[in-house]
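Chain residues, written in single-letter form:
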Amino acid sequence: MTTFRILPVIENRRLGPYTLLRIKDVGIHKYAGCGQFVMVGLSFLRDPFLLRPLSFLSVDNDSFSLLIKIKGRGTEMLSMVKPGEYLKVLGPLGRTILPGEKGILIAGGIGIAPLFYQSQWMRGGVLLYGAKDKRELVLVKEMEDRGLVVKTITEEKGGTVCDLVMENIALLKGQRVFICGPVAMIKSLREIIRDYTRETFVYLERRMGCGIGGCKSCAIKTGYGYKFVCQDGPVFPLEEVEIG
Amino acid sequence: MADLSVSFTGIELKNPVMLASGVWDLPYTELIDFEKLGGIVYKSISLSSREGNPPPRLTEIPCGVINSIGLANKGIENFNKEILPQLKDLGTEVFVSIFGESIEEFAELTSRITDVSGIEVNISCPNVKEGGLLFGADPDIAYNVTKAVCSNTDLPVIVKLTPEAVDIVKVALSVKEAGASAITASNTFQGLVIDIETHKPIFRRITGGVSGPAIRPLSLYKAYQITRAVDIPVIGSGGITDWMDALEYFFVGVSAIEVGSAIFNNPLAPIEIIDNINRYMDENEYKNILEMKGEVNEERC
Ligand SMILES: Cc1cc2nc3c(=O)[nH]c(=O)nc-3n(C[C@H](O)[C@H](O)[C@H](O)COP(=O)(O)OP(=O)(O)OC[C@H]3O[C@@H](n4cnc5c(N)ncnc54)[C@H](O)[C@@H]3O)c2cc1C
Ligand SMILES: Cc1cc2nc3c(=O)[nH]c(=O)nc-3n(C[C@H](O)[C@H](O)[C@H](O)COP(=O)(O)O)c2cc1C
Ligand code: FES
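These lines cover the structure that appears in this document, whether it is placed above or below. (Residues numbered from 1 in each chain as written. Chains lettered and ligands numbered in written order. Predicted model: local features only at pLDDT ≥ 70, side-chain atom pairs only at ≥ 80, totals over all residues. Heavy atoms only, no water.)

Some words on the overall build of chain A
Each helix and strand in chain A was counted, giving six helices and 15 strands. Relative to a compact globule of 244 residues, whose C-alpha radius of gyration would be 18 Å, chain A shows 17 Å and is just as compact. Along the longest, intermediate and shortest principal axes, the C-alpha atoms of chain A span 50 × 40 × 30 Å. Classification of the 244 residues of chain A by burial places 59% in the buried group. Put simply, 62% of the contacts in chain A that link residues at least 6 apart link residues at least 24 apart. Here chain A displays about 10500 Å² of accessible surface, and carbon together with sulfur accounts for 51% of that area. Counting 34 positive and 25 negative side-chain charges, chain A places the averaged centre of each group 4 Å from the other. (Helix = DSSP H or I, 4+ residues; strand = E, 2+ residues; numbered from the N terminus. Rg over C-alpha atoms; globule rule 2.2 N^0.38 Å. Buried < 20%, exposed > 50% of the residue type's maximum accessible area, 1.4 Å probe, protein only. Contact = heavy atoms within 4.5 Å. Areas by Shrake-Rupley, 256 points an atom, 1.4 Å probe, with all protein chains shown as cover. Lys, Arg positive; Asp, Glu negative; His and termini not counted. Charge placed at Lys NZ, Arg CZ, Asp CG, Glu CD.)

Written out as structure tokens, the structure is:
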């Protein structure tokens, strides 16, 4: 059930270089599914005009959380919202996916947000997680507490997430793999893991107008013509989509 | 209670607020109570399916958006079979927008449309066969398109003009002459955005159509010029996001309005506009939309 509502922020705190916003929404856990996202904007403002797509980070009985990386004006303004202030929220949006009990998650940077949410449904599995520096590696302990084996790497020391994947390539054999991170990372990983995994899925980003399948602006080229990230995604089988 | 219904040239709406073409599709039925809307204009349909432009297709500008969707649609056959039956169940007046690459295509498309409350003719698209100039840029070509559509249907024909016409009033006069029942004023303005990293236009097709609050005064002026010069009903479109924007359009004399990009910022905007126009009319003792229309006071020194 997708709705558009004005909801209060109840918490705003830093998490590494990111902002964690908690938004009050009683009953949201009943209809927010794995893989889904919301469109969020500052209430009553016409500029920024568009709402911004953000993945669920976590969902419980009376609230949900978002993890925001400042990219431009929209995310900067959202990360300054104070508890007690209100946001426009459209969602849940996108197709729900089957998380699978185990599997391999590969995260680059802020790509951790939807994968952390996905791990809520998982029992074990492995997280391969790369970031720029140590401060950017967030939620590692929480993922371990959920039973995942977490392996990390930073560009400061060690290399990129692709290096980490190569080191651990044997783990991917015959597994279901989920990737979320920058386009360049997805492109390189595609080559590296091609012959190993059973199935690979990727969380994609696109500039969105409506977020709900109305405007046809979030098109992505697939083997079956254009599909829409907000409606058919945001999670796609990696071999189906053209990246970049 | 004020009477919000409007009726003009074969078109009857329970209120004067419509959803504009191209910004919405069926998933919005989950969000908006369509029964409350005066009417809906479905996105522009062509004879055969078109996949649309390569991404990116849309980006934000100050107070608005710019799009290069490329009129993606699945063609008239799919519309008649799959979409129209669902639209007919929504409890509001259904209009379909059409476009073609040639005048012959407009004519054929028109002959395949039945069972709607009217046709909106999108002449803001390029005349591919004759060198790519917008059909709506030239009064003579606009006349020919309108004539071709009107002679192939008994349905009300609304012609949606492009603000890119050198003289939009001349185009308005000629589509009226050709038999249009009403005019929508107007479509998006052409604009350009450059990616400062690549030094290239962000869209592959270079330009895009600008919409949203950013264009409201520009579009309103087009509507104003047309209502003054042409005596067929005008439907206002361009930058309407709330009831006050809508009133500006009514005061220059439009008969109805279309809400477009505003739904990206607030999907409930069309409903809030209807409720607030209702409240405004009650508070100011307007009994119907006609009383409120065209009240603009032009005495200025
Ligand atoms: C389904 C989905 C889920 C997302 N989840 C998260 C999340 O959990 N946390 C998070 O921090 N970010 C997430 N994003 C990305 C986030 O939406 C963008 O960073 C944000 O919209 C940028 O807005 P801005 O105003 O800050 O930047 P702008 O000033 O609008 O743009 C800054 C730069 O970001 C690019 N950009 C803008 N919007 C997008 C977009 N939607 N996708 C990719 N690039 C974009 C622009 O091209 C530009 O280069 C998600 C995106 C999608 C599509
Ligand atoms: C994403 C998008 C797609 C559009 N598609 C169409 C279309 O298919 N046919 C059409 O006549 N107008 C189309 N328009 C124009 C709108 O219907 C409207 O006339 C215009 O955006 C100005 O109004 P607004 O500022 O309220 O959006 C589109 C606009 C946008 C933003
Ligand atoms: S953002 Fe409008 S269709 Fe996907």
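Things to note about helix H6 (residues 243–251) of chain B
Residue and element names in this part refer to chain B. Within H6, the full set of buried residues consists of Asp245, Ala246, Leu247, Tyr249 and Phe250. Residue Asp242 occupies the N-cap position of H6, its side-chain oxygen lying 3.1 Å from the main-chain nitrogen of Met244. Following H6 by one or two positions, Gly253 has its phi on the positive side, about 105°. (Polar contact = N/O pair within 3.5 Å; in protein donor to acceptor, adjacent residues only side chain to side chain.)

Here's the deal with the pattern of salt bridges
Residue and element names in this part refer to chain A. Going through the model one piece at a time under the given rule, you end up with 23 salt bridges over all chains. Across the pair Glu136 and Lys132 runs a salt bridge, and its minimum N-O distance is 4.0 Å. For Lys132, a relative accessible area of 47% corresponds to the partly exposed category. Among the salt bridges present, the one from Lys141 reaches Asp145, with a minimum N-O distance of 3.1 Å. (Salt bridge = Lys/Arg side-chain N within 4 Å of Asp/Glu carboxyl O.)

Brief notes about the interface of chain A and chain B
At the interface, 30 residues of chain A touch 37 residues of chain B. Interface area, chain A with chain B, both sides summed: about 2700 Å², of which 58% is carbon and sulfur. Looking at the side of chain A facing chain B, the largest losses of area belong to Arg46, Phe49 and Tyr226 of chain A, adding up to 29% of the total buried there. Our enumeration of links across chain A and chain B arrives at five salt bridges. On the surface where chain A and chain B come into contact, there are 13 residue pairs in polar contact (both at pLDDT 80 or more). Within the residue set of the side of chain A that touches chain B, elements represented by two or more residues are strand E1 (3–15), strand E7 (86–93), strand E13 (219–222) and strand E14 (225–228) of chain A. Grouping the constituent residues of the side of chain A that touches chain B by class yields 15 nonpolar, seven polar and eight charged. (Buried area = accessible area lost by both parts, 1.4 Å probe. Nonpolar A, V, L, I, M, F, W, Y, C, P; charged D, E, K, R; others polar.)

Some remarks on the site of ligand 2
Residue and element names in this part refer to chain B. With respect to spatial proximity, 21 residues lie near ligand 2, and among them Ser21, Ser44, Gly212, Gly239 and Ser261 are the closest. At 2.8 Å, a side-chain N or O of Lys160 approaches an oxygen atom of ligand 2. In this structure, an oxygen atom belonging to ligand 2 sits 2.6 Å away from a main-chain N or O atom of Gly239. Protein burial of ligand 2: of its 610 Å² of free accessible surface, 96% is covered by the chains. Along the lines of polarity and charge, the residues of the shell around ligand 2 split into five nonpolar, 15 polar and one charged. (Near = heavy atom within 4 Å.)

Side note on the pairing of strand E5 (residues 58–61) of chain B
Residues and elements named next belong to chain B. Here E5 shows a buried face lined by Leu58 and Glu60 and a second buried face lined by Thr59 and Ile61. Judged from the four bridges that link them, E5 and strand E6 (residues 64–67) form a sheet pairing that is antiparallel. In the strand pairing of E6, Leu58 is matched with Asn67. Between E5 and E6, which pair antiparallel in sequence order, lie two residues; one of them, Cys63, sits at a positive phi of approximately 55°. (Pairing = 2+ DSSP bridges.)

Points about the site of ligand 1
Residues and elements named next belong to chain A. The environment of ligand 1 is formed by 20 residues, the closest being Pro53, Lys69, Gly72, Gly74 and Thr75. One of the backbone nitrogen or oxygen atoms of Leu67 is found 2.8 Å away from a nitrogen atom of ligand 1. Within the side chain of Glu205, an N or O atom sits 3.1 Å from a nitrogen atom of ligand 1. Broken down by element, the shell around ligand 1 gets its largest block of residues, four residues, from strand E4 (residues 52–55). Looking at the shell around ligand 1, its residues break down into nine nonpolar, four polar and seven charged.

What about the sheet that holds strand E10 (residues 182–185) of chain B?
All names here are of chain B. The eight strands are arranged E3-E4-E7-E8-E9-E10-E15-E16 in a closed barrel whose pairing can be described as parallel. Within this sheet the neighbouring strands show an average axis-to-axis angle of 25°, counted without direction. Note that E10 and strand E15 (residues 234–237) share three bridges and pair parallel. Within the sheet, the bridge partner assigned to Thr184 lies in E15 and is Ile235. (Axes fitted to C-alpha atoms, helices over the stretch in contact; angles between N-to-C directions.)

A few points about the packing of H6 of chain B against helix H8 (residues 269–283) of chain B
All names here are of chain B. In the contact formed by H6 and H8, the axes pass within 9 Å of each other and the chain directions differ by 65°. Taken as a pair, H6 and H8 cross one another with a handedness that is right-handed. Along its contact with H6, which presents Trp243, Ala246, Leu247, Phe250 and Phe251, the element H8 presents Ile273, Asn276, Ile277, Arg279 and Tyr280. Here the contact of H6 with H8 is composed, by residue class, of eight nonpolar, one polar and one charged. (Left-handed = near helix turned anticlockwise from the far one by under 90°.)

Here's the deal with the sheet that holds strand E12 (residues 199–203) of chain A
Residues and elements named next belong to chain A. Spatially, six strands are ordered E10-E9-E8-E11-E12-E15 in an open sheet, and the strand pairing comes out mixed. Strands with a single pairing partner mark the edges of an open sheet, and in this sheet they are strand E10 (149–154) and strand E15 (235–237). The average undirected angle you get between the axes of adjacent strands in this sheet is 20°. Where strand E9 (residues 126–131) lies against E10, six bridges are found, and the strand directions are parallel. Looking across to E10, one finds that Tyr129 is bridged to Thr152. Relative to strand E8 (residues 104–108), helix H2 (residues 112–119) is tilted by about 155°, and along the sheet it contacts E8, E9, strand E11 (176–180) and E12.

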